[in-house]
Amino acid sequence: MPTHNHKLKEVAQVFFKLGCFAFGGPAAHIAMMEEEVVVKRKWMTREYFLDIIGATNLIPGPNSTEITMHCGHERAGKKGLFVAGLSFIFPAIIITGLLAYLYVEYGALPEVQPFVFGIKPAVLAIIASAILKLGKKAIKSTELAILGILVLVVSLLGVNEVLALLMAGLVGMCYFYAKERIQNKTLSFTPFLLCIGISETLVKLSSLKVFLVFLKVGAILYGSGYVLFAYLDAELVSRGWLTRAELIDAIAVGQFTPGPVLSTSTFIGYQLSGFSGAMAASVGIFLPSFLFVLIFNRFISKMRQSKILKHFLDAVNVAAVAVMLAVLIVMGMDTLVDWPAIVIALFCTYLTFGTKIATMWIIAIGAVLGYLLLLI
């Protein structure tokens, strides 16, 4: 029986490794975590992992980072929550901080595009594998399958993913609750509502102000890196703190470095106020996630025990898989536009489904193939 310290060490090792190799955004991060904590280590069932994904999508903050915290809590309690989150975030902050230093000193970013070119199609195969495995567990009935298809359609039409998840949860909860009550000939309904209010305090331009601005963004941020761009554009460019070109460079760094895209905050913080600004921005944007997960974690198992909330969670889980599929489709259309990308995607699909090679190595193989094929 492993000791608590051994579990903490294991949590740190797993999520530090993921933090070093988890390219491709939240959908890819979730796919890699599913392999590590469900398939390889069996820390939890796939159903509970789905519950974590569904519940996490409904709270603000970087979804994949918050899922690491839930997984760490499941393995090693409250300390595991903090160890998992910090281990996952740490590599991205260090890499991004180094790139910020180079950018400020030399005015340019290192040339990494050939490697990123190969990573993107490799990630598609990894996400597809996770969608298949999670989808088999999430789709428990024909009604849930139909609900998932509807969420997929509205997501592809541009409906906000959080709104789609929340509406799916409410529709599923009402439908299945009513269905049970009709079968039992006793129909009643209690509304379910959750509201979060956030306020802001601004002081003079300093590391403290940087901290408060990024704390606000971390507390209210939903969605992808594109949403993060909109938030930071409003908070920084409109105030004259950064030019839009500098913000685009910062977002690009978050996209091509491993780990959470919110490591963009480290890059921007360094631009604004040096090392202290980088630390203030990093702590500010990730701190709300630790607090949200610490508060919310205890309710996930209770939601599954409640009949009405169980239906809500089932519907949200299907919707979350549908959103991942929508992300895969959009990423595929953006990525598979030339023969090298298609070749890498097909080869990495074979490796993912036809071999037992770990996802970390598939990412590395994709990166090397991208570099080599662009030389041709």
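Presented here is a report on the structure given in the accompanying data block. (Residues numbered from 1 in each chain as written. Predicted model: local features only at pLDDT ≥ 70, side-chain atom pairs only at ≥ 80, totals over all residues. Heavy atoms only, no water.)

### What to know about the overall build of the protein
Worth spelling out the cut-off: Here a helix means four or more residues in a row that DSSP labels H or I, a strand means two or more in a row labelled E, and each is numbered from the N terminus. Throughout, exposure labels follow a simple rule: accessible area from a 1.4 Å probe, protein chains only, divided by the maximum for the residue type, with under 20% read as buried, over 50% as exposed, and the rest as partly exposed. Residues are treated as being in contact if the distance between any of their heavy atoms lies within 4.5 Å. Areas reported as accessible are Shrake-Rupley estimates using a 1.4 Å probe. Residue values count occlusion only from the protein chains shown.
Secondary structure summary: the protein contains 14 helices and zero strands in total. Counted from the first residue to the last, the protein has its helices and strands arranged as α-α-α-α-α-α-α-α-α-α-α-α-α-α. Put simply, the protein has 376 residues, and 51% of those count as buried. In the protein, of all internal contacts separated by at least 6 residues, the share reaching a separation of at least 24 is 71%. Put simply, the protein shows about 17400 Å² of open surface, and 68% of that area lies on carbon and sulfur atoms.

### Concerning the nonpolar core
Filter applied, for reference: Only buried residues count toward a nonpolar core. Its members are Ala, Val, Leu, Ile, Met, Phe, Trp, Tyr and Cys residues joined through side-chain atoms within 4.5 Å.
Judged by nonpolar contacts, the single largest core of 81 residues is most densely connected at Phe15, Leu18, Phe49, Ile67, Ile127, Leu134 and Met324. By residue number, the principal contributor to this core is helix H12 (residues 307-335), which donates 16 residues. Excluding residues within four positions of it along the chain, Ile67 makes contact with Ile30, Met33, Phe49, Ile52, Ile53 and Thr56. Core analysis: the second largest hydrophobic core is formed by 36 residues, Tyr103, Leu228, Val237 and Leu242 among them.

### With respect to H12
The criterion, for reference: The span expected for a helix works out to 1.5 Å for each residue beyond the first.
Helix length check: H12 (29 residues) gives 42 Å between terminal C-alpha atoms against 42 Å at 1.5 Å per residue, within 8%. Counting buried residues along H12, 21 of its 29 residues qualify, which places the element largely inside the surrounding structure.

### A closer look at the packing of helix H13 (residues 339-354) against helix H14 (residues 359-375)
Our working rule: Axes here mean lines fitted to C-alpha atoms, for a helix over just the part in contact, with angles spanning 0 to 180 degrees between N-to-C directions. Convention used here: angles under 35 degrees read as roughly parallel, angles over 145 as roughly antiparallel, angles from 65 to 115 as roughly perpendicular, and any remaining angle as oblique. Whether a crossing is left-handed or right-handed is set by the direction in which the near helix is turned from the far one by less than a right angle, anticlockwise for left-handed and clockwise for right-handed. Nonpolar residues are Ala, Val, Leu, Ile, Met, Phe, Trp, Tyr, Cys and Pro. Charged residues are Asp, Glu, Lys and Arg, and all others, Gly as well, are polar.
Contact geometry for H13 and H14: axes closest at 10 Å, N-to-C directions at 155°. Relative to H14, the element H13 lies roughly antiparallel. For the crossing formed where H13 meets H14, the hand is right-handed. When H13 is examined against H14, the residues Trp339, Pro340, Val343, Ile344, Phe347, Cys348, Leu351 and Thr352 are found in contact with a partner set consisting of Ile362, Ile365, Gly366, Leu369, Gly370 and Leu373. Each residue belonging to the contact of H13 with H14 can be placed in one class, and the counts come to 11 nonpolar, three polar and no charged.

From the geometry alone we can't say anything about function, so treat these as descriptive.
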